[in-house]
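Below are the chains, spelled out letter by letter.
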Amino acid sequence: MTFDDTALYRDITDFAHDSPMWVRHGAELWTEAGLLVFVGLFAVAWWRARRDSAHAFAIAALAPLATAVAYVGSELLKSVVAEERPCRAVAGAAASLAACPAHGDWSFPSNHATIAGAAAVALALVRRALLWLTAPLALLMAFSRVFVGVHYPHDVVAGLALGTVVALVAVRLGAGPMTRLAGAMRGSPAPVVRWVTGPGRPSPGSHPTAIPSYEMPADR
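Throughout this description, residue numbers start from 1 for each chain and increase along the sequence as written. For a predicted model such as this one, the threshold for reporting local features is a pLDDT of at least 70, and the threshold for listing and counting side-chain atom pairs is 80 or more; totals across whole chains, interfaces and linings nevertheless cover every residue. In computing side-chain values, all of the structure's heavy atoms are included and hydrogens and water are not.

**Some words on the confidence of the model for the protein chain**
Here is step 1: Each residue gets a pLDDT score, which is the predictor's confidence in that residue and runs from 0 to 100. Of all residues in the protein chain, 90% attain a pLDDT of 70 or more, and the chain-wide mean is 86.
Here is step 2: Predicted confidence in the protein chain is weakest over helix α8 (residues 191-197), with a mean pLDDT of 82, and strongest over helix α5 (residues 111-126), with 95.
Here is step 3: Contacts of residues 203-220 to residues separated by more than four positions or lying in other chains number 0 contacts, the stretch itself having pLDDT below 50. Strands here mean DSSP runs of E at least two residues long; helices mean DSSP runs of H or I at least four residues long; both are numbered from the N terminus. Only heavy atoms enter the contact rule, under which two residues are in contact if any of them lie within 4.5 Å.

Here it is in structure tokens:
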């Protein structure tokens, strides 16, 4: 499989080498450690969903699972396409800022972009407003993989698309079964299980038990 974006790859890697040192170091740090930001967002989403409905908790629980499925799909696709890394294949390109992965660690699609795309979409399904945070983070992650020289532009575009589709499908298919499972777990006699799922949100019709009031009998 070939794509005509080697010129764009050269332009981006040349731009990377012309960037200030702090920009280069920041990109090298973000391109690896940035995935931990999504892990943290998964944890926050799970914690908040513990006091929400069973359906909301199910979506929050599915978010990291959908991302893991997307990663597996990316790895399988890599083994089929077997595209060499641009830091090894593109003649005349600037040296990559990050270490070029070994031969056999294929380029298409980008695992990092796939994970970022899936995480961004899955978290947005948990809480729609999160898309304003997760989408820029995912795009920045994808761009950083080209910036540091280890992926072609088409690798990261494909990764974002793959992650998005897998997250949407996985959450759509898993929401029903996971909601039922969450409801059952919240009724479990095991304290650890109930702690993981949380107390949930009280049903709209439920009210605290009223304290009965008594009137003093009238004097006679």
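**Looking at unusual backbone geometry**
Here is step 1: Here the bond from Phe108 into Pro109 is cis, since omega is -10°, no more than 30 degrees from zero.
Here is step 2: Position of Pro109 relative to the elements: it lies in the loop between α4 (86-89) and α5.
Here is step 3: Within the chain, Ala82 stands out as a residue other than glycine whose phi angle is a positive 55°.
Here is step 4: Relative to the elements of secondary structure, Ala82 occurs in the loop between α3 (54-81) and α4.
Here is step 5: With a 1.4 Å probe rolled over the protein chains alone, any residue whose accessible area is under 20% of its type maximum counts as buried; one over 50% counts as exposed, and the rest are partly exposed. The class of Ala82 is partly exposed, set by a relative accessible area of 34%.

**Structural notes on the side chain of Ser74**
Here is step 1: Secondary-structure assignment places Ser74 in helix α3.
Here is step 2: Given a relative accessible area of 0%, Ser74 falls into the buried group.

**What about the state of the cysteines?**
Here is step 1: To count as a disulfide, a pair of cysteine sulfur atoms needs to be within 2.5 Å. Taken as a whole and judged by the stated rule, the model has 1 disulfide.
Here is step 2: Here Cys87 engages in a disulfide with Cys100; their sulfurs sit 2.1 Å apart. Where Cys87 bonds to Cys100 through sulfur, the torsion about that S-S bond is close to 75°, and the disulfide is right-handed. One end of the pair, Cys87, is in helix α4; the other, Cys100, is in the loop between α4 and α5, with 13 residues separating them in the sequence.
Here is step 3: Exposure remark for Cys100: the relative accessible area of 27% places this residue in the partly exposed category.

**Things to note about a nonpolar patch on the surface**
Here is step 1: A cluster of nonpolar side chains, Leu125, Val165, Leu168, Val169 and Leu173, forms an exposed patch at the surface whose accessible area comes to about 450 Å².
Here is step 2: A per-element tally of the nonpolar patch places helix α7 (residues 153-186) first, with 4 residues.
Here is step 3: Position of Val165 among the secondary structure elements: in helix α7. Each patch is built from residues that are more than 30% exposed by relative accessible area and take part in no salt bridge. Like charges join if they lie within 9 Å; nonpolar side chains (Val, Leu, Ile, Met, Phe, Trp, Tyr) join within 5 Å. Here the Shrake-Rupley method, with its probe set to 1.4 Å, supplies the accessible areas, and only the displayed protein chains count as covering residues. A pairing counts as a salt bridge when a side-chain nitrogen of Lys or Arg comes within 4 Å of a carboxyl oxygen of Asp or Glu.

**Section: the packing of aromatic side chains**
Here is step 1: Centres within 6.5 Å are what make two rings of Phe, Tyr or Trp a pair, Trp counting through its six-membered ring; a difference in plane orientation under 30 degrees is then read as stacked, over 60 as edge-to-face, and the rest as tilted. Within the structure shown, the criterion is met by 6 aromatic pairs.
Here is step 2: Plain terms: the ring middles of Phe15 and Phe147 are 6.1 Å apart, the flat faces sit at 80° to each other, and that makes the pair edge-to-face. Taken together, the residues Phe15 in helix α1 (residues 6-18) and Phe147 in helix α6 (residues 131-147) connect sequence positions 132 residues apart.
Here is step 3: With 5.6 Å between their ring centres and 65° between their planes, Trp46 and Trp47 make a pair best called edge-to-face.
Here is step 4: Pairwise contacts between aromatic rings join Phe15, Phe143 and Phe147 into one cluster.
Here is step 5: For a Lys NZ or an Arg CZ to count as sitting over a ring, it must be within 6 Å of the ring centre and within 35 degrees of the ring normal. The lysine or arginine in question, Arg50, covers the ring of Trp47, its NZ or CZ lying 4.4 Å from the ring centre.
Here is step 6: A cation over a ring is seen here: Arg50 above Trp195, with NZ or CZ 5.2 Å from the ring centre.

**Describing the environment of Asp5**
Here is step 1: Within the fold, Asp5 resides in the segment before α1.
Here is step 2: In this structure Asp5 comes out as buried when scored by relative accessible area, which is 11%.
Here is step 3: Ignoring anything within four residues of it in the chain, the contact list for Asp5 reads Tyr152, Pro153 and His154.
Here is step 4: Between N or O atoms, a polar contact is any pair within 3.5 Å; within protein, one atom must be a potential hydrogen donor and the other a potential acceptor, and residues adjacent in sequence are included only when both atoms are from side chains. Within the structure, Asp5 has its side chain in polar contact with the side chain of His154 (distance 2.8 Å).

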